[in-house]
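A closer look at the structure
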Amino acid sequence: MPDTEVVSAKALYETLATERDPYIKRAVRAAELTVPYLFPKVGTTGSTTFVEPNQSLGARGLRHLASKLQVALFPVNAPFFKYEIDDLALANLAKADNKRGEIEKALSARERAVLSEMNGSMFRPVSFEVFRQLLLAGNCLLHIPKKGKPRAHRLSSYVVQRDASGTILDIVLLETIARTALPADIMAKINAVPAAEAKRDAKVDIYTHITLDETGQKYNVTQQIEGVLIEGEASGFYPKDKLPWIPLRFTYIEGEDYGRGFIDEYIGDLANLDALTAALRDGTIQGAKVIWLVAPNSTVKPKQLADAANGGFVQAEANAVVPLRLDKQSDFAVAERMIGSITERLQLAFLLHSQREGERVTAEEIKFVAGELDQGLGGVYSLLAEEYQQPVAVLYSARMEFVRKVPPLPKEITSTTIVTGIDALGRGSDLQKLDTLIAGSNQVVGPEQVGRYLNVGEYFKRRGAAIGIDMGGLIKSDEEIAEADQQAQMMALAQNLGPQAITQMGGMAKEQMNQNATEGEPNG
């Protein structure tokens with residue numbers, strides 16, 4: 001039975017690879033016009049010399065658009081997701097009105113902890129390359145393990161099969177590693193040449209097969225080497241919403257297992273721009289070359305002209321020696337106008353006219369960029385928020401729980417929901433709403449009435465959670481405020497009545513505390 005599973009997994013990869021080939025061909029073509037090394041042809045090595053594109057607009061636009069996607073989906077200085085609890089669970093809490101700020105503070109702390117784990121695992125550099133692959137090839141497989149750095153796999157190293165609704169049925173990932181890197185137990189199991197005798201450049205193929213089980217709620221992950229099932233670190237069962245392998249796609253096309261790249265939509269303009277730029281470049285080089293024409297019956301010889309010093313004299317008729325002229329200015333002008341027109345269209349497509357300089361962006365600017373991406377790229381932000389943001393947030397939250405680094409929630413909260421996309425930027429809008437409430441109240445009823453009704457401690461907690469900063473030790477607790485107020489009253493009384501009155505009041509307060517303690521004791 002295990003042998004059957006292994007053979008069927010390898011056969012599945014080979015079968016689905018045939019369906020994947022057209023997408024790979026388009027990806028290679030797109031890479032040739034933008035950044036060739038991002039998706040090279042099969043068999044390419046580190047020593048391969050790529051054919052350079054004749055223009056740089058494709059590469060610049062690809063990097064710029066990937067940066068905008070990175071800023072919109074995974075901003076640096078703002079959480080891209082937020083934890084939420086339903087209103088019913090919040091209403092069931094004792095004194096829910098007084099605990100809302102404490103709950104928001106705890107949820108905000110969890111969000112910051114997850115972001116810290118993401119940054120520590122080098123997620124952002126990998127994510128940027130994922131966006132470039134999505135724009136170029138339309139597909140990328142992201143692996144987020146429970147420990148270590150995430151990895152991104154090009155379309156050429158995996159196959160995927162989905163049902164009609166887009167649910168993942170099978171993924172087969174092909175990885176090649178050095179044979180000498182295999183553990184001894186795996187070497188013995190596959191009956192391979194011992195590692196000590198193997199050539200240092202010998203390679204083996206590892207197939208990681210991910211398949212949806214019969215219940216449709218879990219994925220079974222197995223790994224095979226040379227037709228033998230092995231027990232790898234990633235083997236086992238995973239819940240459907242916590243699968244560490246995320247097969248991403250840039251666009252959703254009904255009935256297709258793979259997505260299409262953004263570059264594929266503008267491949268015609270990029271190809272024309274590349275050809276026109278090459279032609280204009282070659283023509284300019286030829287036009288810059290200086291060649292002199294000497295009349296056959298002229299008294300001056302070409303050698304005399306060649307040997308003449310700069311500023312020297314040669315005896316000849318004026319029209320006997322003339323420079324070679326191409327007379328292609330009008331043709332070059334037509335090509336330049338066409339290049340300008342294509343460049344303008346591509347700059348609009350790559351959103352190159354709307355970049356804001358600066359290292360930090362606000363939540364409102366992130367919303368603007370997200371909306372711009374949705375309008376300019378046909379809803380791509382909404383798709384990536386569902387298929388990219390949501391799984392990443394869930395997997396890193398599970399990763400934090402696995403290593404027990406997640407800050408605890410109040411004990412009354414038993415479950416949370418992770419929200420991504422535009423809705424996840426709600427903490428920034430919460431801050432704006434709080435400020436609007438206070439400003440409007442000041443205008444309507446005045447600062448005195450606001451101070452009378454506003455729970456300042458709750459306001460500080462909610463404001464800190466909206467900003468996303470650690471409030472620990474920053475704001476005084478109710479007990480600390482009461483103690484400070486009592487000390488202030490004591491000092492005021494000391495100034496007015498003298499120290500003897502303070503001593504007498506302290507004794508009365510102590511006697512009252514003892515009496516309250518006695519009344520609280522149960523009867524024997």
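Before reading on, note that the structure itself is shown above.
Thresholds applied
Residues numbered from 1 in each chain as written. Predicted model: local features only at pLDDT ≥ 70, side-chain atom pairs only at ≥ 80, totals over all residues. Heavy atoms only, no water. Helix = DSSP H or I, 4+ residues; strand = E, 2+ residues; numbered from the N terminus. Contact = heavy atoms within 4.5 Å. Salt bridge = Lys/Arg side-chain N within 4 Å of Asp/Glu carboxyl O. Buried < 20%, exposed > 50% of the residue type's maximum accessible area, 1.4 Å probe, protein only. Pairing = 2+ DSSP bridges. Axes fitted to C-alpha atoms, helices over the stretch in contact; angles between N-to-C directions. Patch = residues over 30% accessible without salt bridge, like charges linked within 9 Å, V, L, I, M, F, W, Y side chains within 5 Å. Areas by Shrake-Rupley, 256 points an atom, 1.4 Å probe, with all protein chains shown as cover. Expected span 1.5 Å × (residues − 1). Left-handed = near helix turned anticlockwise from the far one by under 90°. Parallel < 35°, antiparallel > 145°, perpendicular 65-115°, else oblique. Nonpolar A, V, L, I, M, F, W, Y, C, P; charged D, E, K, R; others polar. Polar contact = N/O pair within 3.5 Å; in protein donor to acceptor, adjacent residues only side chain to side chain. Core = buried A, V, L, I, M, F, W, Y, C linked by side-chain atoms within 4.5 Å. Phe/Tyr/Trp six-rings, centres within 6.5 Å; stacked < 30°, edge-to-face > 60°. Lys NZ or Arg CZ within 6 Å of the ring centre and 35° of its normal.

Quick look at the overall build of the chain
- The helix and strand tally for the chain stands at 17 helices and 13 strands.
- Of the contacts formed within the chain by residues at least 6 apart in sequence, a portion of 72% connects residues at least 24 apart.

Points about the pattern of salt bridges
- What the rule picks out here adds up to twelve salt bridges.
- One salt bridge in this structure joins Glu 32 and Lys 41, with 4.0 Å as the shortest N-O distance.
- Here Glu 32 falls in the partly exposed class, since its relative accessible area comes to 33%.
- Lys 303 is paired through a salt bridge with Asp 307; the nearest N and O atoms lie 2.7 Å apart. With Lys 303 and Asp 307 both in helix 9 (residues 302-307), this residue pair falls four residues apart, about one helical turn.

Side note on the sheet that holds strand 10 (residues 245-249)
- Overall, antiparallel pairing links the three strands, which are arranged 3-2-10 in an open sheet. In this open sheet, the two edge strands, each paired with only one partner strand, are strand 3 (151-153) and strand 10. On average, each strand axis in the sheet is tilted by 25° relative to the strand beside it, whichever way the strands run.
- When strand 2 (residues 139-143) meets strand 10, the two strands line up antiparallel, connected through five bridges. Bridge pairing in strand 10 places Asn 139 opposite Arg 249.
- In the packing of helix 12 (residues 380-402) onto the sheet, contacts are made with strand 2 and strand 10, and the angle to strand 10 comes to roughly 165°.

Quick look at a nonpolar patch on the surface
- Residues Ile 291, Leu 293, Val 322 and Leu 324 make up a contiguous nonpolar surface patch of about 300 Å² in total accessible area.
- Among the structural elements, Leu 293 can be located in strand 11 (residues 292-294).

Quick notes on helix 2 (residues 57-73)
- With 17 residues, helix 2 ought to run about 24 Å at 1.5 Å a step, and its terminal C-alpha atoms sit 24 Å apart, in line with that.
- When you tally the buried positions in helix 2, you get twelve out of 17 residues, the bulk of the element.
- Every buried residue of helix 2 is accounted for by Leu 57, Gly 58, Gly 61, Leu 62, His 64, Leu 65, Ala 66, Lys 68, Leu 69, Gln 70, Ala 72 and Leu 73.

Comments concerning the pairing of strand 10
- Among the five residues that make up strand 10, five are buried, leaving the element largely enclosed by the rest of the structure.
- Both faces of strand 10 are covered, namely the face carrying Trp 245, Pro 247 and Arg 249 and the face carrying Ile 246 and Leu 248.

Description of the pairing of strand 6 (residues 203-212)
- Buried residues dominate strand 6, accounting for seven of its ten residues.
- As defined by bridge partners, strand 5 (residues 168-178) adjoins strand 6 across nine bridges and the pair is classed as antiparallel. By the bridge assignment for strand 6, Thr 176 is matched with Asp 205.
- Bridge analysis of strand 6 against strand 7 (residues 218-225) gives seven bridges, and the strand direction is antiparallel. Residue pairing in the sheet places Thr 208 in a bridge with Gln 223 of strand 7.
- Linking strand 6 to strand 7, which pair antiparallel, is a turn of five residues; within it Gly 216 sits at a positive phi near 75°.

Here we look at the packing of helix 8 (residues 267-288) against helix 10 (residues 329-349)
- In contact at an axis separation of 10 Å, helix 8 and helix 10 are set at 145° when each is read in the N-to-C sense. Crossing handedness for the pair helix 8 and helix 10: left-handed. Between helix 8 and helix 10, the contacting residues are Asp 269, Leu 270, Asn 272, Leu 273, Leu 276, Thr 277, Leu 280, Gly 283 and Thr 284 on the first element and Phe 332, Ala 335, Glu 336, Met 338, Ile 339, Ile 342, Thr 343, Arg 345 and Leu 346 on the second.

Quick word on the packing of helix 5 (residues 123-137) against helix 12
- Contact pair helix 5 / helix 12: the axes reach a minimum separation of 14 Å and the direction vectors enclose 160°. Taken together, the axes of helix 5 and helix 12 are roughly antiparallel relative to one another. In terms of crossing hand, the pair formed by helix 5 and helix 12 is right-handed. Taking contact as the criterion, the partners of Phe 123, Ser 127, Val 130, Phe 131 and Leu 134 in helix 5 are, on helix 12, Leu 384, Tyr 388, Val 392 and Tyr 396.
- For the contact of helix 5 with helix 12, the per-class residue count stands at eight nonpolar, one polar and no charged.

Description of unusual backbone geometry
- One non-glycine residue, Met 122, lies in the positive phi region at around 60°.
- The topology assignment puts Met 122 in the loop between helix 4 (96-120) and helix 5.
- The exposure class of Met 122 is partly exposed, given its relative accessible area of 39%.

Thoughts on helix 8
- The terminal C-alpha atoms of helix 8 lie 31 Å apart, and with 22 residues this matches the ideal 32 Å at 1.5 Å per residue to within 8%.
- Listed as buried for helix 8 are Asp 269, Leu 270, Leu 273, Asp 274, Thr 277, Ala 278, Leu 280 and Gly 283.
- Close packing links the buried residues of helix 8 with helix 2, helix 7 (262-265) and helix 10.

A look at the environment of Gln 223
- Relative to the elements of secondary structure, Gln 223 occurs in strand 7.
- For the pair Gln 223 and Tyr 207, spaced 16 residues apart in sequence, the C-alpha to C-alpha distance is 5.5 Å.
- Contact partners of Gln 223, with chain neighbours within four places excluded, come to Ile 206, Tyr 207, Thr 208, Val 228, Leu 229, Ile 230, Gly 232, Glu 233, Ala 234 and Ser 235.
- Here Thr 208 takes part through its side chain, which lies 3.1 Å from a polar atom of the side chain of Gln 223.

Some thoughts on the nonpolar core
- Counting 89 residues, the largest nonpolar core has Leu 142, Tyr 388 and Val 392 as the members making the most contacts within it.
- The leading source of residues in this core is helix 1 (residues 2-32), at ten residues.

A closer look at the packing of aromatic side chains
- A full pass over the atoms with the stated rule returns 13 aromatic pairs.
- Ring centres of Phe 74 and Phe 131 lie 6.2 Å apart, and the angle between their planes is 45°; this geometry places the pair in the tilted category. With a gap of 57 residues between them, Phe 74 in the loop between helix 2 and strand 1 (82-84) and Phe 131 in helix 5 connect regions that are remote in the sequence. Like Phe 131, Phe 74 is buried.
- Grouping aromatic residues by their ring pairs yields a cluster made of Phe 74, Phe 80, Phe 81, Phe 123, Phe 131, Tyr 388 and Tyr 396.
- Taking the ring centre of Tyr 23 as reference, the NZ or CZ of Arg 26 above it sits at 4.9 Å.

Observations concerning the side chain of Thr 34
- Here Thr 34 is to be found in the loop between helix 1 and helix 2.
- There is a polar contact of 2.7 Å between the side chain of Thr 34 and the backbone oxygen of Ala 30.
- Not counting chain neighbours up to four residues away, the residues in contact with Thr 34 comprise Pro 53, Gly 58, Ala 59, Leu 62, Leu 136, Ile 263 and Leu 270.

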